[in-house]
Amino acid sequence: MTGALLGVPSGTVVSGLSRLPVSRLQILMSMLTYAKIKAVAVSEDARGRGIGAALLKRCVQLYGQLDYTLLFGEFDTGRDLGPYYTRQGFNVLRPEQAIDVGTLLTGIPFHLGAGPGLTFFYRWRAPGR
């Protein structure tokens, strides 16, 4: 294996929305609208050749074609990947920051951010694309 990327509907968003007074349809819509990048991996001998960037670019293209509006993920803060994800077109949050992912779908705020020791990154799809 040279490189791989795993993107999935967000269990955290589904779980969080299920605790709010929202419909099941709104929860289902979160699964069809928001995706989490669970992992990006490139073998050590292949790093630095743009493979991770190509995987992320294709992920953005694919989820864009499927009308997803948000891609997000987390990385170990100690790895200092913020500049890398920023170059790939993602926003990187500081610790303790979060974004509102609930209001768009449900009208009720629901904030999403990284857990302890992790850094959150995200990318909203531009309107009209």
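As a reminder, the structure under discussion sits directly above these lines.
What you are looking at is a predicted structure, and each value in this text was computed from that prediction instead of being measured.

Draft legend 1. Region of interest: the sheet that holds strand β4 (residues 91–92). In spatial order, the strands read β1-β2-β3-β7-β4; together these five strands make up an open sheet with mixed pairing. The sheet is open, and its two edges are formed by β1 (3–9) and β4, each paired on a single side. Relative to the sheet, helix α2 (residues 24–33) contacts β1, β2 (34–42) and β3 (70–76), its axis offset from that of β2 by approximately 35°.

Draft legend 2. Structural detail: helix α3 (residues 51–65). Taking 1.5 Å per residue as the helical rise, α3 with its 15 residues ought to reach 21 Å, and the 21 Å between its terminal C-alpha atoms agrees with that figure. Along α3, the residues classified as buried are Gly52, Leu56, Cys59, Val60 and Tyr63. Down the axis of α3, the sector holding all buried residues measures 95°, keeping them to one side. Exposed residues lying more than 90 degrees from the buried face of α3 are Lys57 and Gln65. Looking at the packing, one finds that the buried side of α3 touches β1, β2, β3, α4 (82–87) and β7 (118–124).

Draft legend 3. Geometry of α2. Listing the buried residues of α2 in full gives Ile27, Ser30 and Thr33. Considered in projection along α2, the buried side chains sweep an arc of 125° and stay on one side of the axis. In this structure, α2 carries Arg24 and Leu25 as exposed residues pointing more than 90 degrees from its buried face. Buried residues along α2 sit in contact with α1 (11–18), β2, β3 and α5 (103–106).

Quick notes on the rules
Residues numbered from 1 in each chain as written. Predicted model: local features only at pLDDT ≥ 70, side-chain atom pairs only at ≥ 80, totals over all residues. Heavy atoms only, no water. Pairing = 2+ DSSP bridges. Helix = DSSP H or I, 4+ residues; strand = E, 2+ residues; numbered from the N terminus. Contact = heavy atoms within 4.5 Å. Axes fitted to C-alpha atoms, helices over the stretch in contact; angles between N-to-C directions. Expected span 1.5 Å × (residues − 1). Buried < 20%, exposed > 50% of the residue type's maximum accessible area, 1.4 Å probe, protein only. Arc of directions from axis to C-beta.

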